[in-house]
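# Descriptive analysis of the structure
Chain residues, written in single-letter form:
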Amino acid sequence: MTPILSRRWIRNSLIVIGVFILYLLLAGLALPALLQSQAPKWVAKTLDGELRLGEVRFHPLRWVLTLEQLSLLQSGEVMAGAERAMVDLDPWRSLFAWEGRFHDVEVDGPVFHYREYNDGSSNVVRLLAPLPAADAEQGGESDEGMGAPALRFREIAIRNGELAYHVEEQVVLDFDDLSLDSRDLYLAGEDNRIQLALTGPGGGRLTLDLSASFHPLALQSQIDLKQAHLTRYWPLLASQFAFDLTDGKLDFSTELRMRAEADAPLQLALQGSQIRFTDLALNHDRQPLLALAQLSLSPVDLSLEGRTLKVGKVALGPGRADLTLNNGQLDWVGIFTPRGNDGATQVDEAVPSEPWQWRVDQISAEEFQWQLTDTTLTSPVIWHLHLSELTAGPVSQDLSQPLPLSLEAVLAEQTRFSLSGELVPETLTAQLELALRDFDLMDAKPYWQDHVPVALEQGLISTSGSLVLNQLTPLDLTYEGNFQFNELRVDDPTADDALFQWQQLLAEPLRLTTEPMALSIERILISEPFARVIINEDGTTNLGSAATGPQDSLQANASPQGEEGTIPAISEAPEVEAAQGLPLALEIGVIEIEQGTAFFADNTLIPKFATDIEQLSGEVQGLSSAPEAIARVDIRGQVDQYAPVSLRGELQPLAAAPYLDLALNFDNVELTSLNPYSGTYAGYFIDQGQMDLALKYRLEGTQLEGNNKVVLDQLKLGQRSDSEQATSLPVSLAVALLKDSNGVIDLELGISGDLEDPDFSIGALVFQALGNVITKIVTSPFTLLGNLLGTDPPDNKVTFAAGSVEIAPEQKQNMAQISQALAQRPGLTVSILGGVGPSDEAALRHQALEQWLGGELGAVDNLGDPQRALLARRYDEQFGEGKSERLMAQIADPQTQLATLYQALLGQVTVPQDALATLAVNRAAAVKEALTQEFGLSAERVFLRESRVELARGGAQATLELGAD
């Protein structure tokens, strides 16, 4: 090599080395220093912020730029930054490929804090505010037609990043553990793979596996969000609602597809999305509102371009919800309505769009507890509903299609409720199968206690059947199934026992319609019914005491005798009015009663009365509201175990003009069980006897006709009672008059009346009829004797000739009739009272004069000479010797002479006081002798009354009076 060449090579080498050293100095030292000094100045001049750089390094050989402790501040607070940022440039490949290429881009610990202020601005807006308007306008030029920059990155890696979102001091959301990985990223190419991971507040983890092209923008990403704590994000929405989110997590996964092209609508689709909320808890005013263990939606497919949304299944539960009904509205309506939302929806009529098409294949809920507090009443009522299982769907935007649904629930901890069928949401029509079992009426007591005038203490309602709802206004539904009302109990407030109860009321099958209003039931079975009726000592009844509100129908709580000794009125008028206004067409095939009992007590009596009616059974067939329909009644039972009772006949209580034709029969009733009534009202207790009672009543319209047939067998009255309410009628005599030779009393009492008469009373009519019968027979007993013989009534008097005790033949014929009638009434006795009249005293004086004269004179005008001489001698003995001659000398007519002597002597005859009494006694004795000796009447039944103490002067007769033995 020549020296010159050698020196040139060295010089060139030195130049190259010098240039290289200069490059190293400029690139490795000057460039970092320039960046470190000028970049903060540019930021301070151009932006409203401050840039802080730590160490800046540039490797001039590897073309690796490293920035340490990079931070951008706005208003003194860090807005963005990184612990380290490294860019590994690839200048040679960029030069030869004519595109920007990078080996690696690494960012460690990146930070970005976004802050919103109350005035609507943000730290980003404030940071960029000083930019010149021209720059802004230039920056706002359309990029249309420009492709994505031809930048290629072999690898991009972001580690341990942090994002923060602040709204003044109210909301702080911090996202950490941000990571991003991408290999072979080419902005102008397709199918760029990017992986992003982010941990949110409270530990929720978001991962994205993204395949993207940037011109046009097209994304396909798998997004997965795990256990995002919703309470950390709730402050963003809290101001819009009245409730608080106190707990909850979200899991979300989906495959997202998006494409954005110029002059074309955005294409966005979610496929196979899984949305799952867990441990949701909402409060309102620090009170539980909703607690939900899980709410999931899967799969969810959404197409923005096609405006479709499809959800495979919505499932929720277990959970609990608390609702309050106040002023007729659920509190949830106001609580879940966004604040500031008046319910109006703004529609942009200038941009017509196709309606969304949506569909949910199935909605299900399990083990969900609902609590409803009803504050519309005086005292709040709390309802508990345990939703065991609910399934519904499919349902779509076409609400005219039926929605299948099925539900199983438990109400108030014991009532089981199930429902299945189809509901049309658009018209709210439905075809459902439902079942309700053992609903306790006591759970609903606050709703009906002010409207039901009895102390209802127990009752379970069950039903199952098919419900068809055709429309709501007017309500048009049909229900077919069965109904049970079990374990009904109405308590008697006057005693620790039931007033009314039954074990079961079963109605099956039934059909209820509202258009028209009609109810038809094929069979009603009432098992073990029981009623307790007690008349209290003050005349009120336990029925009235059981009423908790004013009831006109219970104002008849009087004693059986009422104010005037009559049974209170039983008016049918209220039933007539009810029937006239009955809006329901009723049809009942048969009502069956089995094993019924009743208890009746009357404490107004002395002694108190009580009896049981047992083994009640029977049926009512064909009960209907149709006016022409007649129901048949056949009910049987027993009184005090031994006396059968039956009710048979026909009735129509539902027609505008009610009708009945019923026969109520009691057989073999022991009369001793009625002692409280007989002692109180008849004045006697009963020693023995049985009664058959046949009551037959017929009602047409308001006209009632009744026939009461009473047969008393072997009635025997006992001792008298001291009742002040006892009748003054001679009951024992009436009994004896009515009792036949077999010891039977057979009475028929007919009654009639008008129900519209305000004074109408069945009891009053019966007692009036009975009183009339007794009064008639005791005041005219011999009329009854004549009726027994089928002849005119015999005379109760036996007449005699003046001064005589001889009974004339015609009088004996009358006595024979009396004896024959008394043979048919063995309980009757005869008392005979002898009497005298004015003619008897003259006859006795005549008899005494004849006896004084020594015999019978015969007729005065037909005396013989011996009687004439005797008469004259007796006159002289009485008035003085020769007086008779002087008297006769003054009278010319011989007959007149004798008559004058006779009358003068007769005037001197004095009848002893006891002679008339003796005559009366003898007459009574003569009658008794004839009755017993001639006509065979037992002497034990014939009694002589004392005729001498108070001499009966009514006539020459003996008076017969009937009595009871």
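So, here is what we can say about the structure in this document. Because the structure is a prediction, the values reported are computed rather than measured.

Helix and strand counts for the chain come out as 18 helices and 40 strands. Within the chain, the proportion of its 965 residues that are buried is 39%. Here the analysis covers contacts within the chain between residues at least 6 apart in sequence; of these, 58% occur between residues at least 24 apart. When the accessible surface of the chain is totalled, it reaches about 52,800 Å², and 54% of it is carbon and sulfur.

Right, let's talk about the sheet that holds strand β39 (residues 942-944) for a bit. Here we have four strands laid out as an open sheet, ordered β37-β40-β38-β39, and mixed in their pairing. Edge positions in the open sheet fall to β37 (797-799) and β39, since each of these has one partner strand only. Looking at each pair of strands side by side, their axes are set apart by 25 degrees on average, direction ignored. Taken together, the three bridges between β37 and strand β40 (residues 957-964) define a ladder with antiparallel strand orientation. Residue pairing across strands places V798 opposite A958, the latter belonging to β40. The strands that helix α13 (residues 809-824) touches are β37, β38 (828-834) and β40; relative to β37, the one it contacts most, it runs at about 160 degrees. Across the sheet, helix α18 (residues 913-934) is in contact with β37, β38, β39 and β40; its angle to β38 comes to roughly 150 degrees.

Another point: a nonpolar patch on the surface. Side chains of W9, I10, L14, I17, I21, L25 and L29 sit close together on the surface and give an oily, nonpolar patch of about 720 Å² of accessible area. Turning to its location among the elements, I10 is positioned in helix α1 (residues 3-46).

Mapped onto the elements, S819 comes out in helix α13. When its relative accessible area of 6% is taken as the criterion, S819 is described as buried. Leaving out residues up to four positions away in the same chain, S819 has contacts with L931 and F935.

Let us now look at the pattern of salt bridges. Counting across every chain of the model gives 29 salt bridges. A salt bridge links D361 to R359; the nearest nitrogen and oxygen atoms lie 2.7 Å apart. Here E934 and K812 are joined by a salt bridge, their closest N and O atoms 3.0 Å apart. Taken together, the positions of E934 in helix α18 and K812 in helix α13 put the pair 122 residues apart, joining distant regions of the chain. Residue class for E934 comes out partly exposed when judged on its relative accessible area of 46%. Note on K812: relative accessible area 26%, which makes it partly exposed.

Remark: helix α12 (residues 781-789) packs on α13, axes separated minimally by 9 Å, with the N-to-C direction vectors making an angle of 85 degrees. When the axis of α12 is compared with that of α13, the two are roughly perpendicular. Packed against α12, whose contacting residues are F782, L785, L788 and L789, the element α13 presents Q817, I818, Q820, A821 and Q824 at the interface. Grouping the amino acids of the contact of α12 with α13 by side-chain chemistry returns six nonpolar, three polar and no charged.

The amide bond that connects S298 to the next residue, P299, takes the cis arrangement and shows omega of -20 degrees. Looking at where P299 falls in the secondary structure, it is placed in strand β14 (residues 287-303). Cis geometry marks the peptide bond from G393 to P394, where omega comes out at 5 degrees. Its location among the elements puts P394 in the loop between β19 (381-392) and β20 (395-396). Phi at E367 takes a positive value of approximately 50 degrees, unusual for a residue other than glycine. Position of E367 among the secondary structure elements: in strand β18 (residues 357-374). Relative accessible area serves as the criterion here: at 39%, E367 is assigned to the partly exposed category. We note that E487 has phi near 55 degrees; this positive angle belongs to a residue other than glycine. Mapped onto the elements, E487 comes out in strand β25 (residues 476-492).

What follows covers helix α9 (residues 675-682). Among the eight residues that make up α9, six are buried, leaving the element largely enclosed by the rest of the structure. Buried within α9 are the following residues: N675, P676, S678, G679, T680 and Y681. Two residues or fewer past α9, G683 is found with a positive phi of approximately 85 degrees.

With that out of the way, let us pick up a negative patch on the surface. A contiguous patch of negative charge, built from E366, E367, E389 and E408, is present on the exposed surface. Within the secondary structure layout, E366 lies in strand β18.

What follows covers the packing of aromatic side chains. In the structure shown here, the tally under the stated rule is 14 aromatic pairs. Centre to centre, the rings of F500 and W502 are 5.6 Å apart; their planes meet at 85 degrees, and the pair counts as edge-to-face. On the basis of relative accessible area, F500 is assigned to the partly exposed category, the value being 32%. Positioned above the aromatic ring of Y117 is the side chain of R126, whose terminal nitrogen or guanidinium carbon lies 3.8 Å from the ring centre.

Procedures and definitions
- Residues numbered from 1 in each chain as written.
- Predicted model: local features only at pLDDT ≥ 70, side-chain atom pairs only at ≥ 80, totals over all residues.
- Heavy atoms only, no water.
- Helix = DSSP H or I, 4+ residues; strand = E, 2+ residues; numbered from the N terminus.
- Buried < 20%, exposed > 50% of the residue type's maximum accessible area, 1.4 Å probe, protein only.
- Contact = heavy atoms within 4.5 Å.
- Areas by Shrake-Rupley, 256 points an atom, 1.4 Å probe, with all protein chains shown as cover.
- Pairing = 2+ DSSP bridges.
- Axes fitted to C-alpha atoms, helices over the stretch in contact; angles between N-to-C directions.
- Patch = residues over 30% accessible without salt bridge, like charges linked within 9 Å, V, L, I, M, F, W, Y side chains within 5 Å.
- Salt bridge = Lys/Arg side-chain N within 4 Å of Asp/Glu carboxyl O.
- Parallel < 35°, antiparallel > 145°, perpendicular 65-115°, else oblique.
- Nonpolar A, V, L, I, M, F, W, Y, C, P; charged D, E, K, R; others polar.
- Lys, Arg positive; Asp, Glu negative; His and termini not counted.
- Charge placed at Lys NZ, Arg CZ, Asp CG, Glu CD.
- Phe/Tyr/Trp six-rings, centres within 6.5 Å; stacked < 30°, edge-to-face > 60°.
- Lys NZ or Arg CZ within 6 Å of the ring centre and 35° of its normal.

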